[in-house]
Amino acid sequence: MLKYIHITLSILVVLSLRIAAQSIRINQLGYYPYAPKIAIVLSTDGSDRLFYLLSPHGHDTAYRGHLGPLVRSANSSLSTRIADFSAFEKEGLYEIVVPGMENSYPFRIGRHVAEEVARASLKGYYYQRSAMALDPAYAGQWSRPAGHPDTQVLIHPSAASDQRPAGTIISAPGGWYDAGDYNKYIVNSGITMGTLLSAYEDFPDYYDTLHTNIPPLSATSTRTTAALPDILNEALYNLRWMLTMQDPDDGGVYNKCTNAAFDGMVMPGVTKAPRYVVQKGTAATLDFVAVMAQAARILRKFPVPGLADSCLRAAASAWSWAVKNPSLAYDQEAMNKLYNPKITTGGYGDMDFKDEWFWAAVELMVSTRDANAVRGLQYKKIIEDRINDPMTLPSWGNVHMLGDYTLLRYRNKLPKEWQPAIRTLLRGLLQMADNYLAQVPANAFHTIMGGSQRDFAWGSNAVAANQGILLINAWLQTKDRKYIDHALGNLDYLLGRNATGYCFITGMGSYSPMHPHHRPSVADGIVSPIPGLLAGGPNPGRQDHQSYNFTEPETAYLDQDPAYASNEIAINWNAPLVYLAGALEALQVRAGYSSAEAGSPHPQKKNGANLLHRSK
């Protein structure tokens, strides 16, 4: 009996240590030497208390400070105190100690602390590739056969035309699986591609040298070379699929390439259900226009013969279709009343197209610079009509701000008569950023994320990353450090400085999701999930109807694969993470976070496990 009591007590001690260890919330990867460095301590004690920064091996005290005042969270029943060690700048490996609590996870202070996240989050797209075998040389233990070749895709009755009647077979291979499922959606590819291409446009020098160990393009296409940087190599894999989704007879774009119903939790290619392209729509077509126009101006600089011209022609043809079909919504429920088989995969239905018209017009105007031609006048009028529409963070259902970012990016190359409107746009963006910053002092986790309970929606981690992008753009326009400091704070949030204690990127940090709603990670028989994927994040809506241990807005997260409302992954969530982590790495010296150094700006990870990773 004493033996069992001893075992039970041991288990309780382990569990209590596990809980206590999460009472100190940090960026689990680390902090730049001269950047703000903040940890959050969960506490109900407001008395004066010290915290210590220790080296994890010798346990020498490197720094000590006083915890800040007690702050009660507006988003949960938690109370917190800040441990601010921004004044400490020495590079090395450390942990934070508060007497009476378990030490924090170890973390690093040094240059390039976001490099691993930038690389892994971009590499995550390689693991989402459809119709391609993932080779062990590139995928490691997550190698697999090709799934869903999509070389014999059926025209669904909703998409039928005289030239392509229902049942016609077309080929639509390649592209990325959208999320935890095995379907491919144009609307969600739109915002994803727009964000990744914008990351390259804003930080080309950084992404030109960021290597993620993906196959050279010569292995995937005979018409290209390995000259493209990896971010464009990866984007091109999806771009080529998007081109196959355009009807060559009229220029319209199909909403998605999909099964009729979701596959089970199996590896790609196990099921052999028919695949369909489904009804064209205005949102999908205009998202396609914007992506093709943006890609065209980027690809002109690279040896990809004819592709930039092909993209621009495809954009122009799709624009013509949209002009003839200006408000054709993809309404899956209504469609299923008319046609069989019924389609029950993700709808990405959008009933308001003002934002898509604006984004598409901006990208075409900037790429063609043809303001006086008939089409150019169309673009100009739409931009003028919509430029002052309310600003909101980008999402698949509202892409207006992607056009705002492009106008600001090219403001100095646009005609003089546009400058007053762009200055007004900039004032609106800075006001939005300042409104975010004003909420930080009252936030228990000292981030702009969580300034409103509305932040904790489906895909809340993408909200945090997109807030960071907004602040990066505010910094690019003003060079005011307050903006980039709080963009960095939101990356801290994603990497562990949050109410759940999770570093939300699979394979990163010391405590990250192990059971994402992601079919390959569930079905591959490997303990560790595919790395570099951003989990959706806290979502009190809990539309998956699972039993959550915590249900308050900032804690409603469940690391179980059925919990798709908080623990699915998605390409449109990874994209802003790629941008945010890459931007901070690209700007670390200019922002004053790190000193310049000789040698490669992208030191490769050495053999062996990263010291900051748990063993899995």
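These numbers come from a predicted model, not from an experiment.

Each value, and the rule that gives it
- Residues numbered from 1 in each chain as written.
- Predicted model: local features only at pLDDT ≥ 70, side-chain atom pairs only at ≥ 80, totals over all residues.
- Heavy atoms only, no water.
- Patch = residues over 30% accessible without salt bridge, like charges linked within 9 Å, V, L, I, M, F, W, Y side chains within 5 Å.
- Areas by Shrake-Rupley, 256 points an atom, 1.4 Å probe, with all protein chains shown as cover.
- Salt bridge = Lys/Arg side-chain N within 4 Å of Asp/Glu carboxyl O.
- Lys, Arg positive; Asp, Glu negative; His and termini not counted.
- Charge placed at Lys NZ, Arg CZ, Asp CG, Glu CD.
- Helix = DSSP H or I, 4+ residues; strand = E, 2+ residues; numbered from the N terminus.
- Buried < 20%, exposed > 50% of the residue type's maximum accessible area, 1.4 Å probe, protein only.
- Core = buried A, V, L, I, M, F, W, Y, C linked by side-chain atoms within 4.5 Å.
- Contact = heavy atoms within 4.5 Å.
- 1 Å grid on protein atoms, 1.4 Å probe; cavity = no way out; pocket = protein on both sides within 12 Å on 5 of 7 lines; lining within 4 Å.
- Points joined across faces, edges and corners; volume = space filled by probe spheres on them.
- Nonpolar A, V, L, I, M, F, W, Y, C, P; charged D, E, K, R; others polar.
- Phe/Tyr/Trp six-rings, centres within 6.5 Å; stacked < 30°, edge-to-face > 60°.
- Lys NZ or Arg CZ within 6 Å of the ring centre and 35° of its normal.
- Pairing = 2+ DSSP bridges.
- Disulfide = S-S within 2.5 Å.
- Polar contact = N/O pair within 3.5 Å; in protein donor to acceptor, adjacent residues only side chain to side chain.

### Details of a positive patch on the surface
And step 1. Side chains of Arg300, Lys301, Arg369 and Lys413 sit close together on the surface and give a patch of like positive charge.
And step 2. Residue placement: Lys413 occurs in the loop between helix H12 (400-409) and helix H13 (419-438).
And step 3. Using a relative accessible area of 57% as the deciding quantity, one classes Lys413 as exposed.

### Points about the nonpolar core
And step 1. Ranked by internal contacts, the top residues of the largest apolar core, which has 163 residues, are Leu239, Trp319 and Ile472.
And step 2. Ranked by residues supplied to this core, first place goes to helix H7 (residues 282-299) with 13 residues.
And step 3. Apart from the residues lying within four places of it in its own chain, the contact partners of Trp319 are Leu286, Val289, Trp357, Ala360, Ala361, Leu364, Arg375, Gln378, Tyr379 and Ile382.
And step 4. Formed by 12 residues, the second largest nonpolar core is a distinct cluster that contains Leu134, Ile214, Tyr237 and Leu533.

### Examining the layout of surface pockets
And step 1. Put simply, the largest pocket is a space of about 1100 Å³.
And step 2. Forming the boundary of the largest pocket are 42 residues, of which Trp396, Trp458, Gly459, Asn572 and Trp573 lie nearest the centre.
And step 3. At the level of secondary structure, the elements contributing two or more residues to the lining of the largest pocket comprise helix H4 (186-202), H13, helix H14 (460-478) and helix H18 (571-587).
And step 4. Here the residues of the lining of the largest pocket are counted per class, giving 20 nonpolar, 16 polar and six charged.

### As for the packing of aromatic side chains
And step 1. Overall, the coordinates contain 26 aromatic pairs when judged by the stated rule.
And step 2. The ring of Trp475 is capped by Lys479, whose NZ or CZ atom sits 5.2 Å from the centre of that ring.

### Quick notes on the sheet that holds strand E3 (residues 38-42)
And step 1. Spatial strand order, E1-E3-E7-E6: four strands in an open sheet with antiparallel pairing. The sheet is open, and its two borders are formed by strand E1 (24-25) and strand E6 (71-72), each paired with just one other strand.
And step 2. For E3 and strand E7 (residues 79-84), the ladder comprises five bridges, and the chain directions are antiparallel. Opposite Ile40, over in E7, you have Ile82 as the bridge partner.

### Some remarks on the state of the cysteines
And step 1. In the structure shown here, the tally under the stated rule is zero disulfides.
And step 2. A disulfide-free cysteine, Cys257 has its sulfur positioned 19 Å from the sulfur of Cys311, the nearest such atom.
And step 3. You can call Cys311 buried: its relative accessible area is 0%.

### Here we look at unusual backbone geometry
And step 1. With an omega dihedral of 0°, the bond running from Asn340 to Pro341 counts as a cis peptide bond.
And step 2. For Pro341, the location among the structural elements is in the loop between helix H9 (332-336) and helix H10 (354-368).
And step 3. With a phi close to 65°, Ala131 is a non-glycine residue in the positive phi region.
And step 4. Tracing the backbone shows Ala131 in the loop between helix H2 (115-127) and helix H3 (136-139).
And step 5. Taking the relative accessible area as the measure of exposure, Ala131 reaches 27% and is therefore partly exposed.

### So, the side chain of Asp559
And step 1. Note on placement: Asp559 falls in the loop between helix H16 (519-523) and helix H17 (564-567).
And step 2. Residue Asp559 is classed as buried on the basis of its relative accessible area of 9%.
And step 3. Among the polar contacts made by the side chain of Asp559, one reaches the main-chain amide nitrogen of Met514 at a distance of 2.9 Å.
And step 4. At 3.1 Å, the side chain of Asp559 forms a polar contact with the side chain of Asn567.
And step 5. In this structure Asp559 touches Tyr502, Ser512, Pro513, Met514, His515, Pro516 and Asn567, once residues within four positions along its chain are discounted.

### Some details on the sheet that holds strand E10 (residues 153-155)
And step 1. Spatially, the five strands line up as an open sheet ordered E11-E10-E14-E13-E12, and their pairing is mixed. Each edge of the open sheet carries a strand with a single partner, namely strand E11 (169-170) and strand E12 (184-185).
And step 2. Where strand E13 (residues 254-258) lies against strand E14 (residues 276-280), four bridges are found, and the strand directions are antiparallel. From the neighbouring strand, Tyr254 faces E14, where its bridge partner is Lys280.

### Notes on the environment of Gly451
And step 1. Examined against the element boundaries, Gly451 turns out to sit in the loop between H13 and H14.
And step 2. In sequence terms Gly451 and Gln439 are 12 residues apart; their C-alpha atoms lie 5.3 Å from each other.
And step 3. Among all residues touching Gly451, those that are not within four sequence positions of it are Gln439 and Asn443.

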